[in-house]
Amino acid sequence: MRAAHGLWAVLALLLLPAGGRALRDGECEVCITFLGRFYQSLKDNDVEFTPASIEKELLKSCKEAKGKENRLCYYVGATSDAATKIINEVSKPMSHHIPVEKICEKLKKKDSQICELKYDRQIDLGTADLRKLRVKELRRILDDWGEACKGCAEKGDFIRRIHELMPKHAPRAAGARADL
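Presented here is a report on the structure given in the accompanying data block. (Residues numbered from 1 in each chain as written. Predicted model: local features only at pLDDT ≥ 70, side-chain atom pairs only at ≥ 80, totals over all residues. Heavy atoms only, no water.)

### Overview of the packing of aromatic side chains
Within the structure shown, the criterion is met by two aromatic pairs. Positioned above the aromatic ring of Tyr74, the side-chain terminus of Arg71 is 4.9 Å from the ring centre. (Phe/Tyr/Trp six-rings, centres within 6.5 Å; stacked < 30°, edge-to-face > 60°. Lys NZ or Arg CZ within 6 Å of the ring centre and 35° of its normal.)

Following this line, the structure appears as structure tokens:
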């Protein structure tokens, strides 16, 4: 009889889904990084840790966010065009100083897209051969700098524009490049 109860217990543990699975390495990269920086900025600026004040500051931070971080803000509902609002799933736990990893874990349960966000790989402009990059990557370099390439039709146009702007936006890389 005892063996039967033990067998049922083991069987139940195997079949029930594990509720408290921790995040794997590299998972929720954008969420953890952005919310970690946000939490640190709250502490540095001596912001009161109430859900309302945290929401207000998060909305401010999300207005300045770009790229993948802006997409995270959209998923959380901290942008004006967001369809859903789960911003309280960030502000309430953060007001209790819950680690950002745990906050991101809970957000993943609400919307799995949050943890699928990954930062684009950074291009080392000092050593990268711009001719071997895709036009999409060249556009991203200019977008990161807040610049545009009006009238650019070919890859060579984008490369010329990057060469022109490199001393302004990436002076170390401009100095390190031999092909300028």
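### Remarks on unusual backbone geometry
Within the chain, Asp46 stands out as a residue other than glycine whose phi angle is a positive 55°. Following the sequence through the fold, Asp46 ends up in the loop between α2 (29–44) and α3 (51–64). The phi angle at His97 is positive, at roughly 60°, despite the residue not being glycine. With respect to the helices and strands, His97 occurs in the loop between α5 (88–95) and α6 (100–110). The class of His97 is partly exposed, set by a relative accessible area of 42%. (Helix = DSSP H or I, 4+ residues; strand = E, 2+ residues; numbered from the N terminus. Buried < 20%, exposed > 50% of the residue type's maximum accessible area, 1.4 Å probe, protein only.)

### Description of the pattern of salt bridges
In the structure shown here, the tally under the stated rule is 12 salt bridges. When the shortest N-O distance is used, the salt bridge between Arg37 and Glu69 registers 2.5 Å. Taken as a pair, Arg37 in helix α2 and Glu69 in helix α4 (residues 68–76) lie far apart in primary sequence, 32 residues in all. Judged by relative accessible area, which is 45%, Arg37 ranks as partly exposed. Among the ionic pairs, Lys60 bridges to Glu57, the shortest N-O distance being 3.4 Å. Here Lys60 and its partner Glu57 are both found in helix α3, three residues apart, which amounts to about one turn of the helix. A relative accessible area of 44% places Lys60 in the partly exposed class. (Salt bridge = Lys/Arg side-chain N within 4 Å of Asp/Glu carboxyl O.)

Coordinates in, geometry out; function isn't part of it.
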